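Secondary and tertiary structure notes
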Amino acid sequence: MDIKNAQKVVDNWINEHGVRYFNELTNMAQLTEEVGEVARIIARRYGEQSEKESDKDKDLGEELADVLFVVLCLANQTGVDLQKAFDKRMDKKAKRDHDRHHNNEKLK
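Residues numbered from 1 in each chain as written. Predicted model: local features only at pLDDT ≥ 70, side-chain atom pairs only at ≥ 80, totals over all residues. Heavy atoms only, no water.

Per an unreviewed UniProt entry, the chain goes by Nucleotide pyrophosphohydrolase and derives from Flavivirga algicola.

Okay, structure coming up:
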């Protein structure tokens, strides 16, 4: 599924199952919460912190999907064509960073 269709799927879900989109500030706070949940899993599972027993069943993929869902909500409610923006950003990064990382001594 491409991003444009993902935005449509989220909008359809909001219209069928939700009452309306939360306002932008609420969704921004919700996005921060979801990113925090991803950070907790990464820090405890792949970082130096020990993983609590209650966190061992957390699914990183599901938490990342929660982040994506809220990002798609924010794009929809602010009129952003995220597919177009993403494609533009990837083109810019490809041109700007083509050799940048290959020449980075820290990555060798």
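1. Here's the deal with a positive patch on the surface
A cluster of basic residues, Lys84, Lys88, Arg89 and Lys92, forms a positive patch on the protein surface. Classification of Arg89 by relative accessible area gives partly exposed; the value is 42%. (Patch = residues over 30% accessible without salt bridge, like charges linked within 9 Å, V, L, I, M, F, W, Y side chains within 5 Å. Areas by Shrake-Rupley, 256 points an atom, 1.4 Å probe, with all protein chains shown as cover. Salt bridge = Lys/Arg side-chain N within 4 Å of Asp/Glu carboxyl O. Lys, Arg positive; Asp, Glu negative; His and termini not counted. Charge placed at Lys NZ, Arg CZ, Asp CG, Glu CD. Buried < 20%, exposed > 50% of the residue type's maximum accessible area, 1.4 Å probe, protein only.)

2. Some points on the UniProt feature "domain: NTP pyrophosphohydrolase MazG-like" (unreviewed entry) in the chain
According to UniProt, the feature "domain: NTP pyrophosphohydrolase MazG-like" (unreviewed entry) maps to residues 23-100 in the numbering used here. Its end C-alpha atoms 39 Å apart, residues 23-100 is made of 72% helix and 0% strand. (UniProt positions renumbered as here; feature names shortened; annotations may be inferred. Helix = DSSP H or I, 4+ residues; strand = E, 2+ residues; numbered from the N terminus.)

3. Overview of the pattern of salt bridges
Under the definition given, this model contains 10 salt bridges. The salt bridge involving Asp97 is made with Lys93; its shortest N-O contact spans 3.8 Å. Of the residues examined, Asp97 reaches a relative accessible area of 9% and is grouped as buried. The exposure class assigned to Lys93 is partly exposed, which follows from its relative accessible area of 34%. A salt bridge links Arg96 to Asp97; its shortest N-O distance comes to 2.9 Å. Classification of Arg96 by relative accessible area gives partly exposed; the value is 47%. Because the salt bridges share partners, they merge into one network encompassing Lys93, Arg96, Asp97 and Arg100.

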